[in-house]
Amino acid sequence: MPGLTRVRSRAVPVRVRAVELFRIRLRLTTPFRTARSLTTHKDALLVRVVTDDAEGWGEVGAETSPTYAPDTLDSARLVLRDELVPRLFAGAGFDDVRGHHPARAALHGAILDARLRAQGTSLASHLGSTRTHVDAGVAIGRHDDVEALVAAAVEHVALGYRSLKLKIARGHDVASVAAVRAGVGDDVTLQADANGSYTLADAEHLAALDGLGVVCLEQPLAPDGLLDHARLAARLRTPIGLDETITSTGVVRDAIELGACAVVSIKTGLLGGIDEAVRAHDVCANAGIAARAGGMLETGVGRAALVALASLPGFTVTGDLSASNRYFDHDITEPFELEHGCLAVPTGPGLGVTPLPEALARCTIAHERLY
Ligand code: MG
């Protein structure tokens, strides 16, 4: 029996006929190091759904190891195969499943994509987008050598990026950021992302970032440390951002109420779907708290959804919105390209991009048809 689900209460029912998973692997142009991981290849899990009227694509916002977030590509695959897709085909929907946000977000996104393609509506206009372009930003991984880090920063500015996010960790923080600031000048926006690698005992040390014009110190402390982030925020002038912590709209409300952050990084995968991401955006906008669109080194499928989300008006701090060639020599969709420091928001139906069959075939390391 084909599944029946309502993507939104006002949405036309979408009859899902088939669901497939593609595990793909793309080589990164340069290895990417954070406080907690080193990535040389990008593995991704894509969900393809086929409805009566269209196909739709979603990308699982997770990694191969549970070092950034608890979910992995493999755990997402099992939950899709054994829980979410069977529930969908039983006509039950999957909103009652707790956790497993990246898997839910990818399936939900694929169904929404199919519905919007059938309607001829772009994701951005469906979300209420207000922009045709979004400011591009680039995350620069940790370098052991400060000169190499500064060279990478200068290189990206020369390419047209006006906003850089530096991955920091103990021993690679204040001096590194200061060197980059000196290298790129005051007109370039700098953010720093610690991926939860400090404790409150580092507050005095982190306060040395205050004079460097960093617009967001992202996730300095552990993801579950909401109160500690509030205590840290009281001791720093640098705005604190939360990323790994932001797993629900409820957490966003709590963080704002506690004064734990001035910037909220919104990731559809961590939040469990684009609808929840939009709700989180709205909570931030209503509270006057800046949002930024957070990325996961997405392929073109996830990047299209991210750029559409980032075109909402509350995203006032530049997000992880890089051109495709920042990561991949060959993406699986038409690439996103830098245009005067910006990326164009896709205008085609649904995501506005589709995996190119040859590219998909070249990158696929496992394929399974679930229904
Ligand atoms: Mg982050």
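Residues numbered from 1 in each chain as written. Predicted model: local features only at pLDDT ≥ 70, side-chain atom pairs only at ≥ 80, totals over all residues. Heavy atoms only, no water.

Caption draft 1: Layout of unusual backbone geometry. The phi dihedral of His-100 falls on the positive side, at around 50°, and the residue is not glycine. Structurally, His-100 can be placed in the loop between α1 (73-89) and α2 (101-119). Phi is positive for His-340, which is not a glycine, with a value near 50°. Inspection of the secondary structure puts His-340 in the loop between α11 (300-310) and β13 (342-344). The exposure class of His-340 is exposed, given its relative accessible area of 75%. (Helix = DSSP H or I, 4+ residues; strand = E, 2+ residues; numbered from the N terminus. Buried < 20%, exposed > 50% of the residue type's maximum accessible area, 1.4 Å probe, protein only.)

Caption draft 2: Quick peek at the coordination of the magnesium ion. Looking at the metal site, the magnesium ion is ligated by Asp-193 (OD), Glu-218 (OE) and Asp-243 (OD), spaced 2.0 to 2.3 Å from it. Spacing between the donor residues of the magnesium ion along the chain follows D-x24-E-x24-D. Of the two residues, Asp-193 sits in strand β8 (residues 189-193) while Asp-243 sits in the loop between β10 (240-242) and α8 (249-258), which places them 50 residues apart along the sequence. On the basis of relative accessibility, which here comes to 0%, the residue Asp-193 falls in the buried class. Asp-243 gets classed as buried once you look at its relative accessible area, which sits at 1%. (Donors = N, O, S within 2.8 Å, 3.2 Å for Na, K, Ca; no water.)

Caption draft 3: Region of interest: empty space enclosed by the protein. Using the criterion set out here, one finds four cavities of 30 Å³ or more in the structure. In this structure, the largest cavity occupies an estimated 360 Å³ of space. At the level of secondary structure, the elements contributing two or more residues to the lining of the largest cavity comprise β4 (55-59), α2, α9 (268-271) and α11. Counted by class, the lining of the largest cavity contains 15 nonpolar, nine polar and four charged residues. Approximately 260 Å³ is the volume attributed to the second largest cavity. In terms of lining residues, the second largest cavity is bounded by 22 residues, among which Phe-32, Glu-63, Lys-167, Gly-295 and Leu-297 are the most central. Of the residues contributing to the lining of the second largest cavity, the split by class is six nonpolar, six polar and ten charged. (1 Å grid on protein atoms, 1.4 Å probe; cavity = no way out; pocket = protein on both sides within 12 Å on 5 of 7 lines; lining within 4 Å. Points joined across faces, edges and corners; volume = space filled by probe spheres on them. Nonpolar A, V, L, I, M, F, W, Y, C, P; charged D, E, K, R; others polar.)

Caption draft 4: Quick look at the nonpolar core. Within the largest apolar cluster, 89 residues are counted, with the highest numbers of intra-cluster contacts made by Leu-164, Val-180 and Ile-266. A per-element tally of this core places α11 first, with seven residues. Apart from the residues lying within four places of it in its own chain, the contact partners of Ile-266 are Leu-271, Ala-277, Ala-280, His-281, Ala-291, Arg-292, Ala-293, Gly-294, Leu-309 and Phe-315. Ranked by size, the runner-up nonpolar core spans 26 residues in total, among them Val-49, Val-79, Ala-106 and Ala-114. (Core = buried A, V, L, I, M, F, W, Y, C linked by side-chain atoms within 4.5 Å. Contact = heavy atoms within 4.5 Å.)

Caption draft 5: The arrangement of the packing of aromatic side chains in detail. Within this structure, the stated rule accounts for three aromatic pairs. With centroids separated by 4.2 Å and ring planes inclined at 10°, the aromatic side chains of Phe-89 and Tyr-371 adopt a geometry described as stacked. Pair noted here: Phe-89 is in helix α1 and Tyr-371 is in the segment after β14 (364-369), with a separation of 282 residues, a long-range link. When the ring of Tyr-327 is compared with that of Phe-328, the centres are 6.0 Å apart and the planes differ by 50°; the resulting orientation is tilted. (Phe/Tyr/Trp six-rings, centres within 6.5 Å; stacked < 30°, edge-to-face > 60°.)

Caption draft 6: Representation of the layout of surface pockets in the model. Reported here for the largest pocket is a volume of approximately 410 Å³. Lining the largest pocket are 21 residues; nearest its centre among them are Thr-29, Thr-30, Glu-155, His-156 and Arg-326. Taken together, the elements giving at least two residues each to the lining of the largest pocket come down to β2 (14-33) and α4 (146-159). The biggest single contributor to the lining of the largest pocket is β2, with five residues.

Caption draft 7: Geometry of the packing of α4 against helix α5 (residues 174-184). α5 packs onto α4 with a crossing angle of 40° between their chain directions and a minimal axis gap of 9 Å. Put simply, α4 runs oblique to α5. Our pair here, α4 against α5, has a crossing hand that is right-handed. Every residue of α5 that contacts α4 at Val-146, Leu-149, Val-150, Ala-153, Val-154 and Val-157 is listed here: Ser-176, Ala-179, Val-180, Gly-183 and Val-184. Partitioning the contact of α4 with α5 into residue classes produces nine nonpolar, two polar and no charged. (Axes fitted to C-alpha atoms, helices over the stretch in contact; angles between N-to-C directions. Parallel < 35°, antiparallel > 145°, perpendicular 65-115°, else oblique. Left-handed = near helix turned anticlockwise from the far one by under 90°.)

Caption draft 8: Spatial organisation of the pattern of salt bridges. One pass over the full model with this rule turns up 26 salt bridges. Salt-bridge contacts for Glu-20 lead to Arg-48; the nearest nitrogen and oxygen are separated by 2.5 Å. Separated by 28 residues along the polypeptide, Glu-20 in strand β2 and Arg-48 in strand β3 (residues 38-51) bring together distant segments of the chain. Judged by its relative accessible area of 11%, Glu-20 is buried. By sharing partners, the salt bridges in this structure join Lys-165, Lys-167, Asp-193, Glu-218, Arg-292 and Asp-320 into a single network. (Salt bridge = Lys/Arg side-chain N within 4 Å of Asp/Glu carboxyl O.)

Caption draft 9: Focus on the sheet that holds strand β12 (residues 290-293). An order of β6-β7-β8-β9-β10-β11-β12 is seen for the seven strands of this open sheet, with the pairing classed as parallel. The open sheet is flanked by β6 (138-140) and β12, the only strands paired with a single partner. For this sheet the average axis-to-axis angle between neighbouring strands, irrespective of direction, equals 25°. As defined by bridge partners, β6 adjoins strand β7 (residues 163-167) across three bridges and the pair is classed as parallel. Looking at β7, one finds that Val-138 is bridged to Leu-164. Strands β7, β8 and β9 (214-218) of the sheet are contacted by α5, whose axis makes an angle of about 155° with β7. (Pairing = 2+ DSSP bridges.)

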